[in-house]
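# Structure at a glance
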Amino acid sequence: MSYTLEQIASFIGARVYGVEHNEISWLLTDSRSLCFPESTLFFAIESARNDGHRYINELYRRGVRAFVVNKEPQDILLYPEAGFLLVQDTLKALQRLAERHRESFDIPVVGITGSNGKTIVKEWLYQLLSSQQVVTRSPRSYNSQIGVPLSVWAINEHTDIGIFEAGISQKDEMDALQTIIQPTIGVFTCLGEAHQENFKTREEKCAEKWKLFKDADIVVYCAEEKCVVQHLQKNAFQGEHLIWSRIRHDVPLYISSVVKHDDNTTITYIYKEKEGTYDLPFIDEAAITNSITCLAVCLYLGMDDKEIFLGMKKMEPVAMRLEVKEGRSGCTLINDSYNSDLNSLDIALDFMSRRIDKSCRKRTLILSDVEQSGEMPETLYAKVAQLVESRGVDTFIGIGPDLYETQRLFNVNSYFFKTIEDFLESRIMEKMHDELILIKGARSYRFDKLTDLLSLKVHQTTLEVNLNAVVANLNYYRSFMKPGTKVTCMVKASAYGCGAVEVAKTLQEHQVDYLAVAVADEGAELRKAGVSTNIMVMNPEMGCFNTLFEYELEPEVYSFRMLDALITAAEKEGVTNFPIHIKLDTGMHRLGFHPEKDMPYLIDRLKKQSAVVPRSVFSHFVGSDNDAFDDFSAQQYRLFIKGCNELQSAYQHTILRHICNSAAIEHFPERHMEMVRLGLGLYGVNARNNEMLNNVSTLRTTILQMHELSPSETVGYSRRGVLERNTKVATLPIGYADGLDRKLGCGKGYCIVNGQKAPYIGNICMDVCMIDVTGIDCHEGDSVVIFGEDLPVTVLSDIVETIPYEILTGISTRVRRVYYQD
């Protein structure tokens, strides 16, 4: 569903500057999340730490043409194609727009609030309802002042029911969220201690949360939530109450029996004088409580007992909630590093204590300081210590200044550290084995570092990377492109051996549109390093989906198996409209959908879901580097266009098309379409003629030792280095484990020592090699060039009869990268 900029201006009461005809389908508040610039409206929101107006120039360059601002654009002439909506408050404008959008739909909407369980209830309701209805829900935990309007914006003409979370941290926040969500069905999960520091009393926080249900038709809550009951005794609610209880019989939904088995729970209930039952594949109290809340909503919506039974039986755990996975050295990890309030800690410890562990391994808790509790540290951590002891924790590791100061309160075997860095330096993790480990930390403590132990890599062999040469090569290929043509730069395989992070940062600085990696872990590395440019993953694997979602990495999709698995994973995670790139097989016969045979079913599958959306469609030329294949390239292009046109006809937004690689950018400028992909050419090798452009990489080492040998001596393994004269031999600290090809040995290849050729003697060893430096003025410690400006990498690839890609990408990670600009 889309609106014109003029319509949006009337919705939010904005003054319009510039172009008004833009059609808007997507809202953006974070420039790093840009996906569909041509139909995106960017809200330049100001915060204590940032100002969205700083990113307008960058976003305009990347294709965004519509902006909501609170400052009159002074340099509007720099943006001749853009429309600006001037408002007093951009955040309130975003919320107002979402509110008007919500008012366009007369559908049931579930609004969920509470201290714990919001996300699980939302996702479990989705699992229960989505088989029969089109459900629009909050992505992940989008429950804030910005997240809620972005979530509600996703409602469209196909939506049957909406499910949205509302989270608050202080007074007077819920009013805005209520007017946006406008729930017809309210759900109150529970009242805990989170964000208590911003409220005088629990009653005050309860009253603030209850504002969400001001105009709801019905509210679901537990009779045992005393604070809620007390609030309702003082403040009448005009709608219907769907109260559930495990104690009282006089409520609409009575839970008559809860029986826990080894790995599942049987729950029996009575609703409207009719008994029902279901099996839940969890045994922890939090899961049981959340399932009953979902049960109440489903019963109200008219779902029959059989459907509920089948849905509950198949219930899956929600990501970022008590994830269990295998660890190193015989350990099992329970990852609950989503928040660290007292209630959620109790729930997580309950889960760990009930978990069946046939090996009777000891139980370890790693906990950060509990944030936003509202309690004094002494009081709070006395309760934590009591929980730790009562739940049977064998070893407690506390991280944070408050835990460090209150360590005397803990009686179990304990270790305390002020920071995560102190803990990692203690090397306690290296001693952990055969343990059940619960990791529970506030997000600010970045407990992901626990698995990111790094070791210093020291090596005398270095790869020098000239970043100016990367930019020069980029500009060389841009000279073949029309203005407006987008470019994807390949940084897979560690940027062809150069080191992806620094190369990616340079490319981002020079405003490339996409970066492309091979696997998700490569993209995650870039995100962790602060790279915000859109990232395409060319060879995603089935086990990488959570990494894709977490780091906003856009996968290539090449098969129905991959597509179905990705959709399933996205729906489980609460992800919607996740951008994907459709690969077509036009002749490479490696990966991809057939442009003709597969397209009808592909379109049908894509249109029947909302988890993913095609951002681009692409293919590969088989032989754009060779004129002999031009006819076949033309055949590929025709087939590609046919598939593209059919896919585009099914969507309103523009789907980018790209088929040109480095060679084709130069050879087929008429086939650039909306985007091209730059690979080997970026790193200095002309893919058309194998000649060097601007040399990017120089592999350099040093002379370790020198020997004077007679003709009777041999050098290296198997005595392959046969000497025919008195020879000066130098040993270098580089071998095939560093990426030096063994085929260069025995005189077939050479390196450069002080400007002169020095052939390799004997076999290349794993860590060292030997060269003949007879007649060369050199000494131990002198520099040696393996390849670079004076010895192009293409010379080495020709000697060993391979391609430059193999030489460049074969440089080991133990070779230190050094970056410079000349």
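Not measured: the values here are computed from a predicted model.

A few words now on the layout of surface pockets. In this model, the second largest pocket occupies a volume close to 780 Å³. Forming the boundary of the second largest pocket are 31 residues, of which Lys 492, Tyr 496, His 620, Asn 661 and Tyr 805 lie nearest the centre. Of all the secondary structure elements, the ones that give two or more residues to the lining of the second largest pocket are helix 16 (492-496), helix 23 (662-667), strand 31 (675-678) and helix 25 (804-809).

Another aspect to go through is the sheet that holds strand 29 (residues 612-618). Read from one edge of the open sheet, eight strands run 30-29-28-27-26-25-24-31, paired in parallel fashion. Of all the strands in the sheet, the pair left with one neighbour each is strand 30 (656-658) and strand 31. For this sheet, the mean inter-axis angle between neighbouring strands, taken without regard to orientation, is 30 degrees.

A surface patch of like charges, here positive, comprises Arg 720, Arg 742, Lys 743 and Lys 748. Looking at where Arg 720 falls in the secondary structure, it is placed in the loop between strand 34 (714-715) and strand 35 (721-722). Relative accessible area serves as the criterion here: at 48%, Arg 720 is assigned to the partly exposed category.

Take the packing of aromatic side chains next. For any pair of aromatic rings, geometry is given as the distance between the ring centres together with the angle between the planes. A full pass over the atoms with the stated rule returns 25 aromatic pairs. Between Tyr 476 and Phe 480 the ring centres are 5.2 Å apart and the planes differ by 80 degrees, which places this aromatic pair in the edge-to-face class. A relative accessible area of 29% means that Phe 480 is categorised as partly exposed. On the basis of an interplanar angle of 40 degrees and a centroid distance of 5.9 Å, the ring pair of Tyr 496 and Tyr 805 is categorised as tilted.

Bringing empty space enclosed by the protein into the picture now. Across all of its chains, the model carries four cavities of 30 Å³ or more by this definition. In this structure, the largest cavity spans a volume of roughly 80 Å³. Pro 37, Arg 62, Lys 486, Asp 513 and Asn 534 are the residues nearest the centre of the largest cavity, which is lined by ten residues in total. Split into classes, the residues belonging to the lining of the largest cavity amount to five nonpolar, one polar and four charged.

Time to look at the pairing of strand 27 (residues 553-557). With respect to burial, strand 27 is a largely interior element, five of its five residues being buried. Bridge count between strand 26 (residues 534-537) and strand 27: three bridges; the pairing is parallel. In the strand pairing of strand 27, Val 537 is matched with Pro 555. Handedness of the strand 26-helix 19 (residues 545-551)-strand 27 crossover: right-handed. Of the strand pairs in this sheet, strand 27 and strand 28 (residues 578-583) are connected by two bridges, and their pairing is parallel. When the bridges of strand 28 are listed, Glu 556 appears paired with His 581. In this fold, the crossover linking strand 27 to strand 28 by way of helix 20 (residues 560-573) has right-handed handedness.

Turning our attention to the pattern of salt bridges. Per the stated rule, a full pass over the model turns up 31 salt bridges. With its nearest N and O atoms 3.7 Å apart, the salt bridge here joins Glu 670 to Arg 671. With relative accessibility at 12%, the residue Arg 671 sits in the buried group. Taken together, the shared-partner salt bridges connect Lys 122, Glu 123, Arg 137 and Glu 165 into one network.

Across the sheet, nine strands lie side by side as 33-36-39-38-37-40-32-23-41; this open sheet has mixed pairing. In this open sheet, the two edge strands, each paired with only one partner strand, are strand 33 (705-709) and strand 41 (816-820). Going across the sheet, the axis of each strand differs from the next one's by a mean of 35 degrees, ignoring polarity. Strand contacts of helix 15 (residues 467-478): strand 23 (462-466) and strand 41, with the helix running at about 45 degrees to strand 23, the strand carrying the most contacts.

On to a nonpolar patch on the surface, then. Residues Met 588, Val 622, Phe 629 and Phe 632 make up a contiguous nonpolar surface patch of roughly 310 Å² in combined accessible area. Locating Phe 632 in the fold gives a position in helix 22 (residues 630-648). By relative accessible area, which is 31% here, Phe 632 ends up partly exposed.

A few words on the packing of helix 9 (residues 285-300) against helix 10 (residues 305-313). Working note: a packed helix pair is described by the angle between its axes plus the distance between those axes. Between helix 9 and helix 10, the shortest axis-to-axis distance is 11 Å and the interhelical angle comes to 150 degrees. Taken together, the axes of helix 9 and helix 10 are roughly antiparallel relative to one another. As helix 9 packs across helix 10, the resulting crossing turns out to be right-handed. For the pair formed by helix 9 and helix 10, the contact residues are Ser 291, Cys 294, Leu 295, Cys 298 and Leu 299 on the first element and Asp 305, Ile 308 and Met 312 on the second. Grouping the amino acids of the contact of helix 9 with helix 10 by side-chain chemistry returns six nonpolar, one polar and one charged.

An α-helical segment advances 3.6 residues per turn. Residues three or four places apart therefore align on the same side. Every buried residue of helix 6 (residues 174-181) is listed here: Met 174, Leu 177, Gln 178, Ile 180 and Ile 181. Each buried residue of helix 6 sits inside an arc of 165 degrees when the element is viewed along its axis, so together they form one side. Elements in contact with the buried residues of helix 6: helix 3 (90-102), strand 8 (109-113), helix 5 (147-152), strand 10 (161-165) and helix 7 (202-210). Gln 182, located one to two residues past helix 6, shows a positive phi value of around 45 degrees.

Quick look at the environment of Lys 211 now. For Lys 211, the position within the fold is in the loop between helix 7 and strand 12 (218-222). A residue is classified by how much of its surface remains accessible, and Lys 211, at 27% relative accessible area, is partly exposed. For Lys 211, the contacting residues outside a window of four places in its chain are Asp 172, Met 174, Asp 175 and Gln 178. Polar contacts involving the side chain of Lys 211 include one to the side chain of Glu 208, which spans 3.0 Å.

A few words on the environment of Val 784. The topology assignment puts Val 784 in strand 40 (residues 783-787). For the pair Val 784 and Glu 316, spaced 468 residues apart in sequence, the C-alpha to C-alpha distance is 58 Å. Those residues in contact with Val 784 that lie beyond four places of it in its chain are Leu 699, Arg 700, Thr 701, Thr 702, Ile 703, Leu 732, Cys 751, Ile 752 and Val 753.

Its location among the elements puts Ile 428 in the loop between helix 14 (420-426) and strand 22 (435-440). In sequence terms Ile 428 and Lys 362 are 66 residues apart; their C-alpha atoms lie 15 Å from each other. With residues up to four places along the chain from it excluded, the contact list for Ile 428 reads Ile 397, Tyr 415, Phe 417 and Phe 423.

Turning our attention to unusual backbone geometry. Located in the positive-phi region is Gln 511, a residue other than glycine, with phi close to 65 degrees. Secondary-structure assignment places Gln 511 in the loop between helix 17 (500-509) and strand 25 (514-517). With a phi angle near 55 degrees, Glu 552 is a residue other than glycine that sits in the positive phi range. Relative to the assigned elements, Glu 552 resides in the loop between helix 19 and strand 27.

Pairing of strand 37 (residues 750-753) with strand 38 (residues 756-761) involves four bridges; the strand directions are antiparallel. By the bridge assignment for strand 38, Val 753 is matched with Gln 756. Count of turn residues in the strand 37/strand 38 antiparallel hairpin: two residues, of which Asn 754 carries a positive phi of about 50 degrees. Bridge count for strand 38 against strand 39 (residues 769-772) is two bridges, and the pairing is antiparallel. The residue of strand 39 that forms the bridge with Tyr 760 is Ile 771.

Scoring rules and cut-offs
Residues numbered from 1 in each chain as written. Predicted model: local features only at pLDDT ≥ 70, side-chain atom pairs only at ≥ 80, totals over all residues. Heavy atoms only, no water. 1 Å grid on protein atoms, 1.4 Å probe; cavity = no way out; pocket = protein on both sides within 12 Å on 5 of 7 lines; lining within 4 Å. Points joined across faces, edges and corners; volume = space filled by probe spheres on them. Helix = DSSP H or I, 4+ residues; strand = E, 2+ residues; numbered from the N terminus. Pairing = 2+ DSSP bridges. Axes fitted to C-alpha atoms, helices over the stretch in contact; angles between N-to-C directions. Patch = residues over 30% accessible without salt bridge, like charges linked within 9 Å, V, L, I, M, F, W, Y side chains within 5 Å. Areas by Shrake-Rupley, 256 points an atom, 1.4 Å probe, with all protein chains shown as cover. Salt bridge = Lys/Arg side-chain N within 4 Å of Asp/Glu carboxyl O. Lys, Arg positive; Asp, Glu negative; His and termini not counted. Charge placed at Lys NZ, Arg CZ, Asp CG, Glu CD. Buried < 20%, exposed > 50% of the residue type's maximum accessible area, 1.4 Å probe, protein only. Phe/Tyr/Trp six-rings, centres within 6.5 Å; stacked < 30°, edge-to-face > 60°. Nonpolar A, V, L, I, M, F, W, Y, C, P; charged D, E, K, R; others polar. Right-handed = clockwise from strand over helix to strand, strands pointing away. Contact = heavy atoms within 4.5 Å. Parallel < 35°, antiparallel > 145°, perpendicular 65-115°, else oblique. Left-handed = near helix turned anticlockwise from the far one by under 90°. Arc of directions from axis to C-beta. Polar contact = N/O pair within 3.5 Å; in protein donor to acceptor, adjacent residues only side chain to side chain.

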